[in-house]
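Single-letter residue listing:
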Amino acid sequence: MSESPLGTSVRVQPGVIPEQQGMPDADASVWDVDATLLLVEDDAGDALLVEEMLSDSELDAPLTWCKTMAEARRFLLACRTPVCVLLDLHLPDVHGLDAVRQLVESAPDAAVIVLTGLDESQTGLSAVAQGAQDYLVKGRIDPEVLGRAVRYALQRKHAERSAAAVRAGQLIAQENARLERALLPIPLLLDGSFLVAARYEAGRAHGLLSGDFYDVVQTSDGAVHAVIGDVSGHGAAEAALGVCLRVAWRTAVLTGVSQREKIGLLEEILVAERSDPHVFATVTTLVFPPDRDRVFVARAGHPGLLLRRGKDVGWVEPEAGMALGLLPGAGRWTITELELSPGSEVVLFTDGLFEGRTGPTSRLGEDGLLAMAGRYGALEPRAFVDALVAEATESASPYGGLADDVAVLHLGWKANA
């Protein structure tokens, strides 16, 4: 053995000086034992025996010898490669299972093999329970056993770290899902006079929220306010921005802001919160006054809407202004009044519902959506919404499915409420 800079001893590979020996790549396979071996042992005779057995084994890894736990911890703190520690439990500065505990706490990524005496098998098992990967009984070790134990310990530690990473990812995903569910809109209705049927499908993988958003709020005067919007893009940032806009819209409704002013407010918030100056949003807002014979519509670059009268379904295009964020401050949004006959219902949606491909070069489109809606005119609101989404999804499935987020909002006064 030759002296290391830490006052320990290392095994130098034949024909290679220490400066050229280098450290192995931390990403290499643990089965190749591309790792550093650290022997923590105060007895020079035992250390020599371990080194000789390693020399006779198939392992080819650098060995560092530390005589105390303090010295071992300093080495582990500086080491940047995978490490397998051969740990004696009787050291000058720590004794018994405390040695395992201190080592695991200071180097949680290191694989640990405890070296015990002939009468300490139970202690070895306790050491494994404390976080070691294996134990070996001194006097019963041969080169093959030692080599296999090192390989297995490194593999077990690698498996433990991988499993811990998977569990951490699952916990984060579960927390994100709970958070997203909490942020999904819940219509705020004061009585049972108004019916809302909604469907929401996030296009982003493993997401519950998307850049699409909607909300419905009934104010104390009996009027029902509704909004549907679509933030450009499909990532988590767009989903967060959609939630921000929805919450801002609800706050504006509850504080009595006018319909036109609400759209301007949403644009101000979009511009302030967006992460990219090219992000924009389309929005449609509705106000159903309590007299039930009309609805006021304001559109900012959003698609038209469906108007249901009995079994008949028509497409309505109220006057539209500019989408939010395209030219901040330059938008002019008109309020359009639509008459509602008794039993009329309004269906709002985002463009993901009709932009799916139905052929190599064709899409469903607005005309296709209207024709499809006409076939389901006799259905109740919830069934109507589900049928639209189901057929749009099915028609696009041979060509990659719906590529965009989808939100559908079915609104209307109850006939006898």
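Structure: above.
> Break down helix H2 (residues 44–56) for me, citing the residues and quoting the values.
Taking 1.5 Å of rise per residue, the 13 residues of H2 would be expected to cover 18 Å, and the 18 Å separating its terminal C-alpha atoms lies within 8% of that figure. Backbone nitrogen of Gly-45 and a side-chain oxygen of the N-cap are separated by 2.8 Å at the start of H2; the cap is Asp-43.

> Quick rundown of the sheet that holds strand E16 (residues 312–316)? Include the residues and the values.
The strand order E10-E20-E19-E15-E16 describes an open sheet built from five strands, whose pairing is antiparallel. Edge positions in the open sheet fall to strand E10 (194–201) and E16, since each of these has one partner strand only. When strand polarity is set aside, the average angle formed by the axes of neighbouring strands in this sheet is 20 degrees. Its contacts with the sheet put helix H9 (residues 365–375) on strand E15 (305–309), E16 and strand E19 (345–349), and the angle it makes with E16 is roughly 160 degrees.

> Help me get a handle on the nonpolar core, residues and values and all.
Grouped together as the largest cluster of nonpolar side chains are 24 residues, with contacts concentrated most on Leu-286, Phe-288, Val-346, Leu-348, Leu-409 and Leu-411. Secondary-structure elements contributing two or more residues to this core are E10, strand E11 (212–218), strand E12 (224–231), strand E13 (281–288), strand E14 (294–300), E15, E19 and strand E20 (406–413).

> Explain the environment of Val-279 to me, using residue names and the numbers behind them.
Positionally, Val-279 belongs in the loop between helix H8 (259–273) and E13. Counting along the chain gives 45 residues from Val-279 to Leu-324, while the straight-line C-alpha distance between them is 9.0 Å. With residues near it in sequence (within four places) discarded, Val-279 still touches Val-231, Ser-232, Leu-241, Leu-270 and Arg-274.

> Can you tell me about the pairing of E19, naming the residues and giving the values?
The buried count for E19 comes to five of five residues, which makes it a mostly enclosed element. Residues Glu-345, Val-347 and Phe-349 of E19 are buried on one face, and the alternating residues Val-346 and Leu-348, pointing to the opposite face, are buried as well. Across four bridges, the pairing between E19 and E20 is antiparallel. Following the sheet pairing, Val-347 is matched in E20 by His-410.

> Which residues make up the packing of helix H3 (residues 69–78) against helix H4 (residues 97–106), and what values do they have?
Angle between the axes and distance between the axes: these two values describe a pair of packed helices. Where H3 meets H4, the closest approach of the two axes is 10 Å, and the angle between their N-to-C directions is 15 degrees. When the axis of H3 is compared with that of H4, the two are roughly parallel. For the element pair H3 and H4, the recorded crossing hand is right-handed. Residue-level inspection shows Met-69, Arg-73 and Leu-76 of H3 in contact with H4, the latter providing Ala-99, Gln-102, Leu-103 and Ser-106. Of the residues that constitute the contact of H3 with H4, the class distribution is four nonpolar, two polar and one charged.

> A description of the side chain of Asp-351 should follow, citing residues and the corresponding values.
In this fold, Asp-351 is placed in the loop between E19 and H9. Not counting residues up to four positions away in its chain, the partners in contact with Asp-351 are Asp-230, Pro-303 and Asp-404.

> Explain unusual backbone geometry residue by residue, including any values.
Of note, the phi angle at Arg-292 is positive, near 70 degrees, even though the residue is not glycine. If you trace the backbone, Arg-292 turns up in the loop between E13 and E14. Using a relative accessible area of 28% as the deciding quantity, one classes Arg-292 as partly exposed.

> Can you lay out the packing of aromatic side chains for me, pointing to particular residues and giving the numbers?
Using the criterion set out here, one finds six aromatic pairs in the structure. Consider the rings of Trp-315 and Phe-349, whose centres lie 5.5 Å apart with planes at 50 degrees: the pair is tilted. Taken as a pair, Trp-315 in strand E16 and Phe-349 in strand E19 lie far apart in primary sequence, 34 residues in all. Overall, Phe-349 belongs to the buried group, its relative accessible area being 0%. Taken together, a centroid distance of 6.2 Å and an interplanar angle of 90 degrees make the contact between Phe-349 and Phe-354 edge-to-face. Accessibility assignment for this pair places Phe-349 and Phe-354 in one class, buried. By the ring-pair criterion, three or more aromatic residues cluster together here, those being Phe-194, Phe-288 and Trp-413. For the cation-ring pair, Arg-308 lies above Phe-384, with the distance from its terminal atom to the ring centre recorded as 4.0 Å.

Procedures and definitions
- Position labels on residues start from 1 in each chain and follow its written sequence.
- With the structure being a predicted model, the display of local features is reserved for residues of pLDDT at least 70 and the display and counting of side-chain atom pairs for 80 or more, all residues being used for whole-chain, interface and lining totals.
- The side-chain numbers reported here are obtained from all heavy atoms of the structure, hydrogens and water having been left aside.
- We count a stretch as a helix when DSSP gives it H or I for four or more residues in a row; a strand needs E for two or more, and each element gets its number in order from the N terminus.
- Working rule for helices: expected span equals 1.5 Å times residues minus one.
- Any pair of nitrogen or oxygen atoms within 3.5 Å is treated as a polar contact; in protein, a donor-acceptor pairing is required on top of that, and neighbouring residues in sequence qualify only through side-chain atoms on both sides.
- Two strands form a pair only when DSSP identifies at least two bridges running between them.
- Fitting a line to C-alpha atoms yields each axis, with helices limited to the stretch in contact; the angle taken between N-to-C directions then spans 0 to 180 degrees.
- Residue contacts follow a heavy-atom distance rule, with two residues in contact if any of their heavy atoms lie within 4.5 Å.
- Nonpolar core, defined: a set of buried Ala, Val, Leu, Ile, Met, Phe, Trp, Tyr and Cys residues in which side-chain atoms within 4.5 Å join the residues together.
- Each residue is assigned to one of three classes by its accessible area relative to the maximum for its type, calculated with a 1.4 Å probe on protein chains only: buried under 20%, partly exposed between the two thresholds, exposed over 50%.
- Throughout, the term roughly parallel applies to angles under 35 degrees, roughly antiparallel to angles over 145, roughly perpendicular to angles from 65 to 115, and oblique to all others.
- For any pair of crossing helices, the crossing counts as left-handed if the nearer helix is rotated counterclockwise from the farther one by less than a right angle, and right-handed if it is rotated clockwise.
- Lys, Arg, Asp and Glu make up the charged group, whereas Ala, Val, Leu, Ile, Met, Phe, Trp, Tyr, Cys and Pro make up the nonpolar group; the residues left over, Gly among them, are polar.
- Ring geometry is summarised as follows: Phe, Tyr and Trp rings, the Trp one being its six-membered ring, pair when their centres sit within 6.5 Å, and such pairs are stacked at plane angles under 30 degrees, edge-to-face over 60 and tilted between the two.
- Each ring is checked for a lysine NZ or an arginine CZ that lies within 6 Å of its centre and within 35 degrees of its normal; such an atom marks a charge sitting over the ring.

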